[in-house]
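Residue strings, one per chain:
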Amino acid sequence: MKIKLRGADYVVKILELLEVDSLFAYPGGAVLPIYDALANGNVKDILVRHEQAASFAANGYARVKGKPGFCLATSGPGATNLVTGIADAYADSIPMVAITGQVMLHLIGTDAFQETDITGICLPITKKTYLIKNLDKAAQIFTEAYEVAINGRPGPVLIDIPRSVQGEYIELEENWEETFVKPVLKRVYKATEQDWAKAKALVAGAKKPLIIAGHGNLLSDSWKEIREFVDREQIPAISTILGIGVFESDNPLYFSWLGMHGMKYANQAVQEADVILALGIRFDDRITGRLKDFAPNARVLHIDIDNSEDNKNVPTEVFIHADLKLAFQNFPLTRNAENSADREAWVAYLNSLRAQFPIKPVDYDIFNMITAIDVLEKLSPDDMIVATDVGQHQMWSSQYLNKLQPNHFLTSGGLGSMGFGFPAAMGAQAAAPDKNVWCITGDGSFQMNLQELITCVQEQWPVKILVLDNNYLGMVRQWQEQFYSRNYSGVDLLNPNFVKLAEAYGIESAEATNVVELADAINKANKCKGPFLVHARVLKEDNVLPMVAPGASLSETIYYPANEVKDFAKKKLNLEDATKQLAYKV
Amino acid sequence: MQQNNWLIKCSHTPESLDRIMMAFRKRGLTVESVFYQKVDEKNASCKLVFMEDDIQAGRIYKNLIRLVDIYEIENLK
């Protein structure tokens, strides 16, 4: 028996079969039939206020849920507004399916109203794009797109659907849904015994081996495996920013993260290591510093799901092309009687470096971004999810948030998109409705997508927002201070009253100008059943350190000024006092 | 600079050729010649001749092998 389905209904049915529960979307002329079908289907469409937020929210959803995020926009400007979020997902290898409406098939190429070549525009920022010209191919295209998004190195795909196709009818077998197969993850494993033999010899022979763990560990859901591996091998580890959460921060073998604003001791560890185990990383320029001086003493073992990363930026001695989850199952034991003492001595040395170059203690006498981030973490549940925007607050969040669980820290690492944080937090809340979700943002970044406040109200998402307001584009100001003789240009921000703005959107809010006010505000926010905005007016001029200047080597990591370092011990005492005081007050 | 003569085996899709050329275009590079040919309903081959040194050719190669639709790149001497 045959049935007839309209194209738009067919597409929505396919989305249901792909188990899409949240579709971040914005309507328009070229997707009206799809919206008509959505009204009768079981896919929840979330009405954002700008398509860019839809693609960022799909990104946040995917990271937390561990499955592709879906977003939908109309043709022309709707589609182009998705682009930054798609590019962000490509840079950070996030599985995403972006669906766009297109002008009617016969109008493509005529410069029709709201026509853009979105498949062409998205070529460099997607794994694959599709234009559905024939409804007969729709199910095949959707399943292939989904499969491409999740398999291999994950990433975004785009499906463009002309409006005329959405309105056409297709004849199907009555039981077609029963024969529909949702694609599953096929883990890559192309390692040979020879590869492992080389890897074993390399690591076993090292005196100063160092693991650099990246986002690949979270994307492949192998954080348990890497923790067991580190424990078994007793090899010290650091992570990239996107690898934050792979290790518990109090793991004695974890030495925080490396790179431009990474810990000086982590950067130093890289420069002194004799073997680097690069696990699920891509040697981005923000972590290598001046490439020719990166890890000058190290031979490199690189394990990655994407073989195009082999020898791409850093010369690799052994490359293992595999999904990390399977790689850890096969990684031979390398610790033995001869190298155990070396590893122990190396870890002891790294501990001495950590003691010598610690991260600056939190100073509760100064109300700056560091203090605010620290207070937020102290007063929030251990399983909180944090999404950040981009800038100084992003780096300080990465440095000072210590209890983040795997996939609970969402940040735009590769593309560095301001405006990412708030919509990503919305996506995270959609994926994990019961979790405490915070967006830590700056006054600059927040204003790139603050229109989404009303989306949170409409969806009843209790997303909490901490706006760290220094009336500056802080990171740009810092660079102008450090590298352009304080010639501040285009960084002074006149801001709205964020508290009143939140009120206008029907969102509870509070202002904080000191630690105690902030603690009160955060406690209120965490108790609030709806969204809540905390406007923290923080120190205006402050610099993120440590820092590797652009073009410099990791060996040249700039540490804090000597006069500040001298006071670290005193600040530690103050911190304990202040913490007690804080605990008493709240 | 040297002549590179590659035979790329890829899937036959509307975007395969664009994606191959993307690796050159985004670097502001040009090619000497391209010959794209459908092999069957699903597959195509693309013969590509371009002048670049080993380092640049290596980077282009890396970009190409990341693409889902590229199956194999053979260096024709």
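Residues numbered from 1 in each chain as written. Chains lettered and ligands numbered in written order. Predicted model: local features only at pLDDT ≥ 70, side-chain atom pairs only at ≥ 80, totals over all residues.

Caption draft 1: Local environment of the overall build of chain A. When you go through chain A residue by residue, the secondary structure sums to 26 helices and 20 strands. A compact globule built from 586 residues should have a C-alpha radius of gyration of about 25 Å, and chain A, at 25 Å, falls within 12% of that. Within chain A, the proportion of its 586 residues that are buried is 54%. Of all intrachain contacts in chain A linking residues separated by at least 6 positions in sequence, the fraction that spans at least 24 positions is 77%. (Helix = DSSP H or I, 4+ residues; strand = E, 2+ residues; numbered from the N terminus. Rg over C-alpha atoms; globule rule 2.2 N^0.38 Å. Buried ≥ 20, exposed ≤ 12 C-beta atoms within 10 Å, placed from the backbone. Contact = placed C-beta atoms within 7 Å.)

Caption draft 2: Geometry of the overall build of chain B. Of the regular secondary structure elements, chain B holds two helices and four strands. In sequence order, the secondary structure elements of chain B are arranged as β-α-β-β-α-β. The C-alpha atoms of chain B give a radius of gyration of 12 Å, which matches the 11 Å a tight globule of 77 residues would have. With 77 residues in all, chain B has 22% of them scored as buried.

Caption draft 3: Geometry of the sheet that holds strand S5 (residues 96-102) of chain A. All names here are of chain A. Within the open sheet, the six strands sit side by side as S3-S2-S4-S5-S7-S6. Their pairing is parallel. Among the strands making up the open sheet, the edge pair consists of strand S3 (44-47) and strand S6 (128-131). For this sheet, the mean angle separating the axes of adjacent strands, direction not counted, is 20°. Judged from the four bridges that link them, strand S2 (residues 22-25) and S3 form a sheet pairing that is parallel. Bridge pairing in S3 places Leu-23 opposite Asp-45. Sheet strands touched by helix H3 (residues 51-65): S2, strand S4 (69-73) and S5. Its angle to S4, the strand with the most contacts, is close to 170°. The sheet contacts of helix H7 (residues 138-150) involve S5, S6 and strand S7 (156-162), and relative to S7 the element is tilted by about 160°. (Pairing = 2+ DSSP bridges. Axes fitted to C-alpha atoms, helices over the stretch in contact; angles between N-to-C directions.)

Caption draft 4: Focus on the interface of chain A and chain B. Facing the eleven residues of chain A at the interface are nine residues of chain B. A breakdown of the residues in the side of chain A that touches chain B according to their chemical character gives three nonpolar, four polar and four charged. (Nonpolar A, V, L, I, M, F, W, Y, C, P; charged D, E, K, R; others polar.)

Caption draft 5: Layout of unusual backbone geometry. All names here are of chain A. Backbone torsion omega between Leu-545 and Pro-546 reads -5°, so that peptide bond is classified as cis. Unusually for a residue other than glycine, Ser-256 sits at a positive phi of about 60°. Secondary-structure assignment places Ser-256 in strand S11 (residues 254-257). In this structure, Asn-311 takes a positive phi of about 65° despite not being glycine.

Caption draft 6: Looking closely at the pairing of strand S13 (residues 299-304) of chain A. All names here are of chain A. In terms of residue burial, S13 counts as a mostly covered element, since five of its six residues are buried. Examined bridge by bridge, strand S12 (residues 275-279) and S13 share five bridges and lie parallel to one another. Paired with Ala-278 across the strands is His-302, a residue of S13. Where S13 and strand S14 (residues 318-321) come together, four bridges link them in parallel fashion.

Caption draft 7: Structural detail: helix H22 (residues 474-483) of chain A. Residues and elements named next belong to chain A. If you check which residues of H22 are buried, you get Gly-474, Met-475, Arg-477 and Gln-478. Taken down its axis, H22 places every buried residue within 155° of arc, on the same side. Contact partners of the buried residues in H22: helix H18 (392-400) and strand S17 (437-442). Note on H22: the residue one or two positions beyond its end, Ser-485, has a positive phi of about 50°. (Arc of directions from axis to C-beta.)

Caption draft 8: A look at the sheet that holds S17 of chain A. All names here are of chain A. In spatial order, the strands read S16-S15-S17-S18-S20-S19; together these six strands make up an open sheet with parallel pairing. Edge positions in the sheet fall to strand S16 (409-410) and strand S19 (508-512), since each has one partner strand and no second. Against the sheet, H18 contacts strand S15 (385-388), S17 and strand S18 (464-469), and its axis sits at roughly 135° relative to S17. Sheet strands in contact with helix H24 (residues 515-527) are S18, S19 and strand S20 (532-537), and its direction is about 170° off that of S20.

Caption draft 9: Geometry of the domain arrangement of chain A. All names here are of chain A. As assigned here, chain A comprises domain 1 (2-179), domain 2 (193-356) and domain 3 (369-544). For domain 1 and domain 3, the distance between their C-alpha centres works out to 30 Å. Contact residues are listed per partner, giving 24 residues for domain 1 and 27 residues for domain 3. At the level of elements, S2, S3, H3 and helix H5 (83-91) are the ones that each hand at least two residues to the side of domain 1 that touches domain 3. Broken down by element, the residue count for the side of domain 1 that touches domain 3 peaks at eleven residues, all from H3. Across the side of domain 1 that touches domain 3, the residue classes tally to twelve nonpolar, seven polar and five charged. (Domains from an automatic or database assignment.)

Caption draft 10: Representation of the environment of Asp-18 of chain B. Residue and element names in this part refer to chain B. Within the element layout of this structure, Asp-18 appears in helix H1 (residues 16-25). Look at Asp-18 and you get partly exposed, because 15 C-beta atoms sit within 10 Å. Separated by 51 residues in sequence, Asp-18 and Asp-69 have C-alpha atoms that sit 11 Å apart.

Caption draft 11: Seen up close, the packing of H3 of chain A against H5 of chain A. All names here are of chain A. As a packed pair, H3 and H5 sit with axes 7 Å apart at the nearest point and diverge in direction by 25°. As judged from the angle between their axes, H3 and H5 are roughly parallel. Contacts between H3 and H5 involve Gln-52, Ser-55, Phe-56, Ala-58 and Asn-59 from the former and Thr-84, Gly-85, Ile-86, Asp-88 and Ala-89 from the latter. A breakdown of the residues in the contact of H3 with H5 according to their chemical character gives four nonpolar, five polar and one charged. (Parallel < 35°, antiparallel > 145°, perpendicular 65-115°, else oblique.)

Caption draft 12: Focus on the pairing of S19 of chain A. Residue and element names in this part refer to chain A. Pairing of S19 with S20 involves five bridges; the strand directions are parallel. Within S20, the position partnered with Glu-508 by the bridge is Phe-532. With H24 bridging S19 and the parallel S20, this β-α-β connection has right-handed handedness. (Right-handed = clockwise from strand over helix to strand, strands pointing away.)

Caption draft 13: Seen up close, the environment of Gly-214 of chain A. Residue and element names in this part refer to chain A. Tracing the chain through its elements places Gly-214 in the loop between strand S9 (209-213) and helix H11 (216-219). C-beta crowding within 10 Å serves as the criterion here: with 26 such atoms nearby, Gly-214 is assigned to the buried category. Separated by 304 residues in sequence, Gly-214 and Leu-518 place their C-alpha atoms 33 Å apart. In contact with Gly-214, not counting residues within four places along its chain, are Ser-239, Thr-240, Leu-242, Gly-243, Leu-279, Gly-280 and Ile-281.

Caption draft 14: Quick look at the nonpolar core. Ala-54 and Val-534 of chain A are the most contacted members of the largest nonpolar core, which has 198 residues in total. When sequence neighbours within four positions are dropped, the list of residues in contact with Ala-54 of chain A reads Phe-24, Ala-25, Tyr-26, Val-48, Cys-71, Ala-73 and Leu-82 of chain A. (Core = buried A, V, L, I, M, F, W, Y, C linked by C-beta atoms within 7 Å.)

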